[in-house]
Amino acid sequence: MTARPATARPRFIDPFQPAEVRRLVRQFGSPLLILDCERVRVQYRKLQRALPGVALYYALKPLPHPAMVQAIIGEGGNLDLATSGEVQLVQRLGVDPQRCIHTHPIKRPEDIANALKFGVRTFVADNPDELLKFARLTDRVELLLRVSFRAAGAVCDLSRKFGCDPEDLLPLARRAADAGLTVRGLSFHAGSQTPDAMKHVEAVQECIKLIAAARREKLGVFDTLDIGGGFPIDYAQKVQDIGRFCAPLRAALAKVPRRIRIIAEPGRYIAGPAMIGVASVMGRARREGHWWYYLDDGLYGSYSGRLFDHAHYPVEPLRDSPERFSAVLAGPTCDSIDVIAENIMLPLLRNGDLLVGRAMGAYTWASATEFNFFPKATIVAVNLVPGDPGSVLG
Ligand SMILES: *Cc1c(COP(=O)(O)O)cnc(C)c1O
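Basis of the calculations
- Residue numbers run consecutively from 1 along every chain, following the written order of its sequence.
- Where local features are concerned, this predicted model is filtered to residues with pLDDT of at least 70; where side-chain atom pairs are given and counted, the filter is 80 or more; whole-chain, interface and lining totals use all residues.
- Side-chain numbers here rest on the full set of heavy atoms in the structure, without hydrogens or water.
- Salt bridge, as used here, is a side-chain nitrogen of Lys or Arg placed within 4 Å of a carboxyl oxygen of Asp or Glu.
- Labels follow the DSSP assignment, with helices taken as runs of H or I lasting at least four residues and strands as runs of E lasting at least two, numbered in each case from the N terminus.
- Each residue is placed in one exposure class: buried if its accessible area under a 1.4 Å probe, protein chains only, is under 20% of its type's maximum, exposed if it is over 50%, and partly exposed if it falls in between.
- Residues are counted as near a molecule or strand when any one of their heavy atoms sits within 4 Å of it.
- Polar contact is defined as a pair of N or O atoms within 3.5 Å, subject to the rule that within protein one atom must be able to donate a hydrogen and the other to accept it, and that residues adjacent in sequence are counted only when both atoms are side-chain atoms.
- Only the protein chains shown count as cover for residues, and the accessible areas themselves come from Shrake-Rupley with a 1.4 Å probe.
- Note on pairing: DSSP must find at least two bridges between two strands before they are called paired.
- Every axis in this analysis is a line fitted to C-alpha atoms, fitted for helices over the stretch in contact. Angles between the N-to-C directions lie between 0 and 180 degrees.
- We define the nonpolar core as a collection of buried residues of types Ala, Val, Leu, Ile, Met, Phe, Trp, Tyr and Cys that are connected through side-chain atoms lying within 4.5 Å of one another.
- The split into domains, and so the bounds of each, comes from an automatic or database assignment of domains.
- In this description, contact between two residues means that some pair of their heavy atoms is separated by no more than 4.5 Å.
- Stacked, edge-to-face and tilted labels apply to pairs of Phe, Tyr and Trp rings (six-membered ring for Trp) whose centres lie within 6.5 Å, assigned for plane angles under 30 degrees, over 60, and everything in between, in that order.
- The criterion for a charge sitting over a ring is simple: Lys NZ or Arg CZ within 6 Å of the ring centre, and within 35 degrees of the ring normal.
- Here a helix's expected span is defined as the number of its residues, less one, multiplied by 1.5 Å.
- Summed over both partners, the accessible area lost on bringing two parts together, with a 1.4 Å probe, is the buried area.
- Note that Gly is not counted as nonpolar here; it falls among the polar residues with everything else outside the nonpolar set of Ala, Val, Leu, Ile, Met, Phe, Trp, Tyr, Cys and Pro and the charged set of Asp, Glu, Lys and Arg.
- Whether a crossing is left-handed or right-handed is set by the direction in which the near helix is turned from the far one by less than a right angle, anticlockwise for left-handed and clockwise for right-handed.
- Note that the arc is defined by the directions from the helix axis to the C-beta atoms.

J.: Just checking my understanding: could you explain the pattern of salt bridges for this structure?
T.: Pairs can form between side chains of opposite charge once their charged atoms are near each other. Enumeration over the complete set of coordinates arrives at 15 salt bridges. For the salt bridge of Arg-121 with Glu-142, the shortest nitrogen-to-oxygen distance reads 3.4 Å. Here the residue Arg-121 occupies a position in the loop between helix H5 (109-118) and strand E5 (122-125), and Glu-142 occupies one in strand E6 (residues 142-146), the gap between them amounting to 21 residues. We classify Arg-121 as partly exposed; its relative accessible area is 40%. Residue Glu-142 is classed as buried on the basis of its relative accessible area, which comes to 14%. One salt bridge in this structure joins Glu-142 and Arg-184, with 2.8 Å as the shortest N-O distance. Here Glu-142 is found in strand E6, whereas its partner Arg-184 is found in strand E7 (residues 182-187), with 42 residues between them in sequence. Counted as one network, the salt bridges with shared partners bring together Arg-121, Glu-142, Arg-184 and Asp-223.

Structure representation (structure tokens):
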């Protein structure tokens with residue numbers, strides 16, 4: 001075996017180059033989702049640089065895939081779990097449970113039992129009923145109390161469904177203390193894909209006051225502040241760079257007393273940009289002056305986030321040509337709402353042509369269905385191991 005010179009081998013393959021996309025589709029079929037673990041690592045590091053001193057817990061929900069978990073663990077990161085399925089996934093991968101927290105505010109008893117059995121200790125509660133579920137577990141669990149700060153500007157307001165009102169926090173903390181439960185601190189989620197960090201800032205400022213008040217009353221340890229997720233990424237619409245987005249948040253966090261450990265639960269920011277979707281044209285027709293292209297992936301599949309997550313993924317064909325025609329991109333199912341994009345100008349496409357959707361890592365595959373028996377797209381993870389461009393998990 002002849003050793004190739006080190007310089008001849010790229011540090012990692014850019015899996016999103018057209019030739020590489022075609023090669024992977026030949027190997028793994030279509031529709032395909034290509035997850036670049038190197039990009040996962042890059043996103044993790046960028047967020048860590050933007051939030052120095054904050055411990056990052058990747059929330060599995062947007063993309064619960066083994067390669068994501070391994071990339072995060074490889075970076076020294078932690079995990080935010082919310083369901084028994086997510087617990088099973090990380091358990092199967094041999095993750096140290098001390099690196100995991102469980103953050104679903106409303107749990108079935110078996111969800112708590114499964115997480116405990118795995119070895120998770122930190123749970124979230126936001127109401128008196130939920131505290132009762134831990135009544136016999138006081139020596140085995142620590143709680144974060146989730147506070148709600150409504151985020152009218154966020155694309156997804158995650159403080160409507162969960163979290164107690166700030167004015168209800170102290171009464172809740174008193175109940176927890178009376179029940180003998182250990183409260184480690186507070187958590188919030190400022191809403192996903194927030195346009196700026198003002199909601200995070202407001203929530204941090206409010207939490208500083210609440211933690212101080214709870215400590216004065218000796219209602220628990222209160223040495224942790226969990227600032228949740230919400231960090232935005234570029235879709236068809238661009239957002240602020242993460243360093244700039246986090247600048248006001250860093251200023252707010254600088255005012256948090258030093259004894260309080262700060263953690264975050266990023267999901268979208270880490271997973272979103274790391275995956276592209278590749279679909280094939282399976283048929284075409286000219287209708288009312290537009291070219292309709294029927295793809296083998298659509299709104300009920302990897303593009304489910306168009307509906308559930310309100311995301312506009314930039315979609316382009318691999319084929320390029322200066323001549324463009326008004327086109328509609330439709331999904332494969334027999335339902336008429338299954339349309340990904342309308343009134344877009346595209347080159348004339350043929351059956352078998354590939355289309356690439358960008359920023360499709362978060363809330364895509366995770367919420368895809370198999371409606372009409374169209375199977376979910378295959379995920380292929382590449383650049384699994386840092387410095388090993390050949391590593392592929394099909
Ligand atoms: C969904 C969710 C996250 C991740 O949010 P992003 O906006 O994707 O960063 C984090 N924490 C909790 C509790 C969640 O439900």
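J.: Please clarify how the site of the ligand should be interpreted in this entry.
T.: Near the ligand, the surroundings consist of 14 residues, among which Lys-61, Ser-192, Glu-265, Arg-268 and Tyr-363 are the closest. Here an oxygen atom of the ligand and a side-chain polar atom of Lys-61 are 2.6 Å apart. Protein chains shield 92% of the accessible area of the ligand, which is 390 Å² for the free molecule.

J.: What's the story with the sheet that holds strand E3 (residues 78-81) in this structure? I'm lost.
T.: Hydrogen bonds between backbone atoms are what pair the strands of a sheet, whose relative direction is either parallel or antiparallel. Strands sit in the order E4-E3-E2-E9-E8-E7-E6-E5 across an open sheet of eight strands; the sheet is parallel. Where the open sheet ends on each side, the last strands, each with one partner, are strand E4 (100-102) and E5. On average, each strand axis in the sheet is tilted by 30° relative to the strand beside it, whichever way the strands run. When E7 meets strand E8 (residues 224-226), the two strands line up parallel, connected through three bridges. Across the sheet, the residue bridging to Leu-186 is Leu-225, located in E8.

J.: What should I look at first to understand the nonpolar core in this one?
T.: The tendency in soluble globular proteins is for nonpolar side chains to be buried side by side. Among the nonpolar cores identified, the biggest contains 105 residues, and Leu-35, Leu-79, Leu-186, Leu-225, Ile-227 and Phe-231 are the most heavily contacted of them. Examining the composition of this core, we find that eight residues originate from one element, helix H8 (residues 198-216), more than from any other. Here this core spans two domains, and each of domain 1 (18-34 + 273-393) and domain 2 (64-266) adds at least three residues to it. Not counting residues up to four positions away in its chain, the partners in contact with Ile-227 are Leu-51, Phe-188, His-200, Val-204, Leu-249, Leu-253, Ile-262, Ile-263 and Ala-264. Ile-34, Leu-354, Val-356 and Val-380 belong to the second-largest nonpolar core, a separate cluster that totals 13 residues.

J.: Would you mind going over the packing of aromatic side chains with me for this structure?
T.: Any pair of aromatic rings gets described here by the distance separating the centres and the angle formed by the planes. Evaluated as defined, the whole model comprises eight aromatic pairs. Look at Tyr-235 and Tyr-313: their rings are 5.7 Å apart centre to centre, the planes differ by 75°, and that puts the pair in the edge-to-face class. Taken together, the residues Tyr-235 in the loop between E8 and helix H9 (242-253) and Tyr-313 in the loop between helix H11 (305-308) and strand E12 (315-317) connect sequence positions 78 residues apart. Residue class for Tyr-313 comes out buried when judged on its relative accessible area of 6%. Between Trp-291 and Tyr-293 the ring centres are 6.2 Å apart and the planes differ by 10°, which places this aromatic pair in the stacked class. Taken together, the ring pairs connect Tyr-235, Tyr-303 and Tyr-313 into an aromatic cluster. Here the basic side chain of Lys-376 rests over the ring of Trp-365, its NZ or CZ set 4.3 Å away from the ring centre.

J.: Can you walk me through H8 in this structure?
T.: What sets the pattern is the α-helix's 3.6 residues per turn: residues three or four places apart point alike. Counted at 1.5 Å a residue, the expected span for H8 with its 19 residues is 27 Å, and the 27 Å between its end C-alpha atoms agrees. Next to the buried residues of H8 lie helix H7 (166-178), E7, E8 and H9.

J.: What is the right way to read the domain arrangement of the protein chain from this model?
T.: Many descriptions give the size of an interface as the accessible area lost when the pieces come together. Segmentation of the protein chain into domains returns domain 1 (18-34 + 273-393) and domain 2 (64-266). Centre-to-centre, using C-alpha coordinates, domain 1 lies 34 Å away from domain 2. Facing the 15 residues of domain 1 at the interface are ten residues of domain 2. Buried area between domain 1 and domain 2, both sides added, is near 1,000 Å², and the carbon and sulfur share of it is 75%. Linking domain 1 with domain 2 are zero salt bridges. Put simply, domain 1 and domain 2 have one residue pair in polar contact (both at pLDDT 80 or more) between them. Looking at the side of domain 1 that touches domain 2, its residues break down into twelve nonpolar, two polar and one charged.

J.: Looking at this structure, how should I read the packing of helix H2 (residues 37-50) against H9?
T.: The description of two packed helices rests on the angle between their axes and on the distance between the axes. At their nearest, the axes of H2 and H9 sit 9 Å apart, and the two run at 35° to each other. Handedness of the crossing formed by H2 with H9: right-handed. Residues Lys-46, Leu-47 and Ala-50 of H2 touch H9, and the partners they reach there are Ile-242, Gly-243, Cys-246 and Arg-250.

J.: Just to check I follow, could you spell out the environment of Val-141 for this structure?
T.: Mapped onto the elements of the fold, Val-141 is located in the loop between helix H6 (128-132) and E6. Separated by 20 residues in the primary sequence, Val-141 and Arg-121 place their C-alpha atoms 4.8 Å from one another. In this structure Val-141 touches Leu-116, Arg-121, Phe-123, Phe-134, Leu-181 and Thr-182, once residues within four positions along its chain are discounted.

J.: Mind showing me how you'd approach helix H1 (residues 18-28) here?
T.: Looking at H1, one finds that the buried residues are Glu-20, Val-21, Leu-24 and Val-25. All buried residues of H1 lie within an arc of 135° about the axis, which places them on one face of the element. Seen from the buried face of H1, the exposed residues on the opposite side, beyond 90 degrees, are Ala-19 and Arg-26. For H1, the elements touching its buried residues are strand E1 (32-36), strand E10 (275-287), strand E15 (354-357) and strand E16 (378-382).

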